Amino acid sequence: MSNSGGTCNRLLATLSPADLDLLRPELETVALEQDAVLARAGDEIDYVFFPHSGAILLMIDMADGQAVATGVVGCEGVVGSLSVLGASPSGITAVVRAAGTASRVPAARFHAAFGRSPGIRQAIQKHVRSMLIQFQLGSACNALHPVEARMARWLLQLRDRVDSDVLPLTQQALSQILGVRRTTVTLLMGNLRKRGAIRSDQRGQIEIDRARLLAAACECHRVMRLEAEEIFSGSKVRTRGMAPANDPRIPEIEADDAV
């Protein structure tokens, strides 16, 4: 651990030095180890995390013990920020899917800074709007699109955040993300491998061909990225469903994109 300004996180990078100073006394850099649980449903939120790298899945736990992914956060976002709405247990379980690093700050310090800084409030509002788009489109996608296209969409969402065509995933992890049986994932992996969208699947890693995976995915991945970029940049983009796949206004979500 070390003290950090967190400039590799897109939200922290938008803050003024004065806003960062409200967090800095207790802001530290921590390693995000794969499969680590940053927040657990039903527990109080102790820390707010601003990822620099890696990918964190937001999981909903059901009464029967099953869990399914509802969203993913990388260096463009934050985990635990909704604790500013009031003292209440976390509604989701946040699990590190791809290892990385993050700036973390105690929830109490973050709450105090949020109350004092319009800049911090504006940054969190952007994040919340972006996550709402992800949740809403994800719900529609789950209801309307074939599971193979949805799997391609999830693989691309993870790829955007780890900036690598080799994803730290097992078929079991994919089955949990999608909420389907492991046998279904095995079948879908075979289909995508025949199309060249997946190059290999071994030792807990899935190597993808991004261009071919884009062809296999539904439009939801592209639209999520386009609308999120509109929120963060403040620029007006085309209406939903009309942007081409190679739209230059949809950059990769990478640590180097901090602006």
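Up top is the structure these notes are about.
Being a predicted model, the structure only gives us computed values, none of them experimental.

Engineer: What is the right way to read the pairing of strand β7 (residues 93-98) from this model?
Structural biologist: Where a strand is regular, its side chains alternate between the two sheet faces. In terms of burial, β7 is largely enclosed, as six of its six residues are buried. Relative to β7, strand β3 (residues 37-39) runs antiparallel, the two being bridged by two bridges. Within the sheet, the bridge partner assigned to Val37 lies in β7 and is Val95. The pairing of strand β5 (residues 55-61) with β7 spans five bridges and is antiparallel. By the bridge assignment for β7, Met59 is matched with Thr93.

Engineer: Looking at this structure, I do not really get helix α6 (residues 171-178). What am I missing?
Structural biologist: Along an α-helix, residues three or four apart share an orientation, since each turn contains 3.6 residues. With six of eight residues buried, α6 lies mostly within the body of the structure. Taken as a whole, α6 has its buried residues at Gln171, Ala173, Leu174, Ser175, Ile177 and Leu178. Of the residues flanking the end of α6, it is Gly179, one or two places downstream, whose phi is positive at about 75°.

Engineer: What is the right way to read the packing of aromatic side chains from this model?
Structural biologist: For any pair of aromatic rings, the description consists of the separation of the ring centres together with the inter-plane angle of the planes. Enumeration according to the criterion identifies three aromatic pairs in this entry. Each ring, one from Tyr47 and one from Phe49, has its centre 6.4 Å from the other, and the planes form 55°; the classification is tilted. Classification of Tyr47 by relative accessible area gives partly exposed; the value is 31%. Here Phe49 falls in the buried class, since its relative accessible area comes to 6%. With a centroid separation of 6.2 Å and an interplanar angle of 40°, the aromatic rings of Phe110 and Phe114 are classed as tilted. Of this pair, Phe110 and Phe114 both sit in helix α3 (residues 107-116), separated by four residues, roughly a single helical turn. An aromatic cluster is defined as three or more aromatic residues linked by ring pairs; in this entry it consists of Phe50, Phe110 and Phe114. For the cation-ring pair, Arg104 lies above Tyr47, with the distance from its terminal atom to the ring centre recorded as 3.9 Å.

Engineer: I keep staring at the sheet that holds strand β10 (residues 198-202) and nothing clicks. Help me out?
Structural biologist: Overall, antiparallel pairing links the three strands, which are arranged β9-β11-β10 in an open sheet. Strand pairing shows two members of the sheet lacking a second neighbour, β9 (166-167) and β10, which therefore form its edges. Pairing between β9 and strand β11 (residues 205-208): two bridges, direction antiparallel. In the sheet register, Leu167 faces β11, and the bridge partner there is Ile206. Packed onto the sheet, helix α7 (residues 182-194) meets β10 and β11 and runs at close to 140° relative to β10.

Criteria and cut-off values
Residues numbered from 1 in each chain as written. Predicted model: local features only at pLDDT ≥ 70, side-chain atom pairs only at ≥ 80, totals over all residues. Heavy atoms only, no water. Buried < 20%, exposed > 50% of the residue type's maximum accessible area, 1.4 Å probe, protein only. Helix = DSSP H or I, 4+ residues; strand = E, 2+ residues; numbered from the N terminus. Pairing = 2+ DSSP bridges. Phe/Tyr/Trp six-rings, centres within 6.5 Å; stacked < 30°, edge-to-face > 60°. Lys NZ or Arg CZ within 6 Å of the ring centre and 35° of its normal. Contact = heavy atoms within 4.5 Å. Axes fitted to C-alpha atoms, helices over the stretch in contact; angles between N-to-C directions.

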